[in-house]
Amino acid sequence: SIKFFVAHGMKSKADQLQSGVKTYWIVTFAILAITRSPSFVFWVVLEPLLCMTYFLALINIGFHGFIEYDADGKHIDMVNSTAIVDGEDDMFGEDDHMTHHYNTTVYFKDLPAHQKSKQ
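What comes next concerns the included structure.

Criteria and thresholds
Residues numbered from 1 in each chain as written. Predicted model: local features only at pLDDT ≥ 70, side-chain atom pairs only at ≥ 80, totals over all residues. Heavy atoms only, no water. Helix = DSSP H or I, 4+ residues; strand = E, 2+ residues; numbered from the N terminus. Buried < 20%, exposed > 50% of the residue type's maximum accessible area, 1.4 Å probe, protein only. Lys, Arg positive; Asp, Glu negative; His and termini not counted. Salt bridge = Lys/Arg side-chain N within 4 Å of Asp/Glu carboxyl O. Polar contact = N/O pair within 3.5 Å; in protein donor to acceptor, adjacent residues only side chain to side chain. Contact = heavy atoms within 4.5 Å.

**Here's the deal with the side chain of Asp 96**
Inference 1: Relative to the assigned elements, Asp 96 resides in the loop between helix 4 (77-80) and helix 5 (97-102).
Inference 2: Among buried charged residues, Asp 96 stands out as having no salt bridge; its nearest opposite-charge side chain is Lys 118, 10 Å away.
Inference 3: Here the side chain of Asp 96 touches Thr 99 through a polar contact of 2.7 Å, side chain to side chain.
Inference 4: Setting aside chain neighbours within four positions, we find Asp 96 in contact with Ala 83, Leu 111 and Gln 115.

In structure tokens form, the structure reads like this:
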């Protein structure tokens with residue numbers, strides 16, 4: 001959030017995010033001025049934003065909903081990140097969510113070799 005970036009001394013990131021927020025609302029009000037239809041703005045601009053935000057939050061809960069610790073208090077990697085095995089639409093390696101969290105430098109084209117090395 002903008003407050004987070006400001007609180008952690010990342011002013012350029014805060015400014016970039018603030019610029020995006022301002023642009024979004026300027027475009028929204030421009031569409032309202034052009035169409036003169038609050039209903040159009042709601043159903044075409046705001047409602048999809050709200051629905052996709054909810055949908056992405058739901059997916060995020062599914063991918064990160066399980067947190068488990070071992071006897072020493074350390075995260076158990078296999079439990080903390082969902083991995084879909086042999087998914088039908090794994091275009092960029094998104095099914096291997098564990099690698100996304102614990103081996104962030106592995107490029108999606110290198111995932112099969114990385115996965116083989118971990119077996």
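**A word on the pattern of salt bridges**
Inference 1: The final tally for this structure, using the stated rule, is one salt bridge.
Inference 2: The salt bridge involving Asp 15 is made with Lys 11; its shortest N-O contact spans 3.2 Å. With Asp 15 and Lys 11 both in helix 2 (residues 11-35) and four residues apart, this pair spans about one turn of that helix.
Inference 3: Exposure remark for Asp 15: the relative accessible area of 40% places this residue in the partly exposed category.
Inference 4: Taking the relative accessible area as the measure of exposure, Lys 11 reaches 57% and is therefore exposed.

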